[in-house]
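Listed here are the chains, written in short residue letters.
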Amino acid sequence: MTYEFAIFDFDGTLADTAASFMLACNSAARRYGFRELSVEEFQSLRTMGNREIIAHLGVPLWKLPRIAMFMRRAMADEAASVRLFPGVAELLSRLKAAGIGIAIVSSNAEDGIRAALGEAAASVDIFECGAALFGKDQHFKKAVRYSGLDATRFLAIGDEARDIEAARKAGIAAGAVAWGYADPVFLQKLGPDRFFTRMEEIAPAFGVV
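Not measured: the values here are computed from a predicted model. (Residues numbered from 1 in each chain as written. Predicted model: local features only at pLDDT ≥ 70, side-chain atom pairs only at ≥ 80, totals over all residues. Heavy atoms only, no water.)

1. Some details on the sheet that holds strand β8 (residues 194–196)
To summarise the sheet geometry, strands pair through backbone hydrogen bonds and adopt either a parallel or an antiparallel arrangement. With parallel pairing, six strands are arranged side by side in an open sheet as β5-β4-β1-β6-β7-β8. For this open sheet the edge positions go to β5 (126–129) and β8, each flanked by a neighbour on one side alone. Sheet twist, expressed as the mean angle between neighbouring strand axes with direction ignored, is 20°. Direction of pairing for strand β4 (residues 101–106) relative to β5: parallel, over a ladder of four bridges. Each bridged residue has a counterpart across the sheet, and for V105 the counterpart in β5 is E128. (Pairing = 2+ DSSP bridges. Helix = DSSP H or I, 4+ residues; strand = E, 2+ residues; numbered from the N terminus. Axes fitted to C-alpha atoms, helices over the stretch in contact; angles between N-to-C directions.)

2. Looking at the pattern of salt bridges
In this structure the tally under the stated criterion is 12 salt bridges. As a salt-bridge pair, E36 and R30 come within 3.1 Å of each other at their nearest N and O atoms. The partly exposed category is assigned to E36, whose relative accessible area is 40%. R30 gets classed as exposed once you look at its relative accessible area, which sits at 54%. One salt-bridge network, in which partners are shared between bridges, spans D9, K136 and D163. (Salt bridge = Lys/Arg side-chain N within 4 Å of Asp/Glu carboxyl O. Buried < 20%, exposed > 50% of the residue type's maximum accessible area, 1.4 Å probe, protein only.)

3. Side note on the packing of aromatic side chains
Under the defined criterion, the tally for this structure stands at five aromatic pairs. When the ring of Y3 is compared with that of F206, the centres are 6.2 Å apart and the planes differ by 65°; the resulting orientation is edge-to-face. With Y3 in the segment before β1 (5–8) and F206 in the segment after α10 (202–205), this pair connects stretches of sequence that are 203 residues apart. The burial state of Y3 is the same as that of F206; both residues are buried. Here the aromatic rings of F21 and F42 are separated by 6.2 Å at their centres, their planes lie at 45°, and the arrangement is tilted. Note that F21 is positioned in helix α1 (residues 18–32) and F42 in helix α2 (residues 39–44), a separation of 21 residues in sequence. (Phe/Tyr/Trp six-rings, centres within 6.5 Å; stacked < 30°, edge-to-face > 60°.)

4. Things to note about the side chain of T13
Within the secondary structure, T13 sits in the loop between β1 and β2 (15–16). Apart from residues lying up to four places away in sequence, T13 is in contact with F8, F85, I157, G158, D159, V177, W179 and M199. (Contact = heavy atoms within 4.5 Å.)

5. A short note on helix α5 (residues 88–97)
Structural remark: α-helix, 3.6 residues per turn; residues separated by three or four positions point the same way. Looking at α5, one finds that the buried residues are V88, L91, L92 and L95. Relative to the axis of α5, the buried residues are bounded by an arc of 95° and lie together on one face. More than 90 degrees from the buried face of α5, the exposed residues found are E90 and A97. Tucked inside the fold, the buried residues of α5 contact β1, β3 (83–84), β4, α6 (110–117) and α10. Taken from the residues just after α5, G99 is the one with a positive phi, measuring 85°. (Arc of directions from axis to C-beta.)

6. Let's talk about the pairing of strand β6 (residues 154–158)
For β6, the tally of buried residues reaches five of five residues, placing the bulk of the element in the interior. Pairing analysis gives four bridges linking β1 to β6, with the strands arranged parallel. If you follow A6 over to β6, its bridge partner there is L155. Across four bridges, the pairing between β6 and strand β7 (residues 173–177) is parallel. Looking across to β7, one finds that L155 is bridged to A173. Crossover connection from β6 via helix α8 (residues 161–170) to parallel β7: handedness right-handed. (Right-handed = clockwise from strand over helix to strand, strands pointing away.)

Next comes the structure, spelled out in structure tokens:
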């Protein structure tokens, strides 16, 4: 199947924000009283789902909304230093030129994402930002309603277990990338509908060659 609308995660999918995320996470740890991460421990979390990570860090669930807001602001402060992965601007431009709809669904702030995308932001039809840690499916559903297309014409592309989980809850196909936060072998075991090892593999999934 080819798809007519792409929903992209931002962190770890379109942009290399691992360093910014780790800084924000450790800053939140100091503020809200959970464990800071070393670089080695951060890498070890790549084989865990998001709920496992939260339990591993000892974060009380009731603190999550406050922590998420703090980290969103911290990541926004680092927006100027965020770099897109090679080929992202070209990919978005090619999809747009071919008539493929594009949405970005992220827990990050829209202003920071637009700043990182630069001119490539013009290719994006929908920004659904500020998504809760486990609330992306609702933002996916909004994108489907906005488009007027059937959910089967969508492919959501992300780099974490929660992206796959959210796509399934929203009734759309799930795509995963090998270059993001989560370990690629771990992601493949979750059985995404599409798995991309290179940026160049994404456009053909939408019939763009």
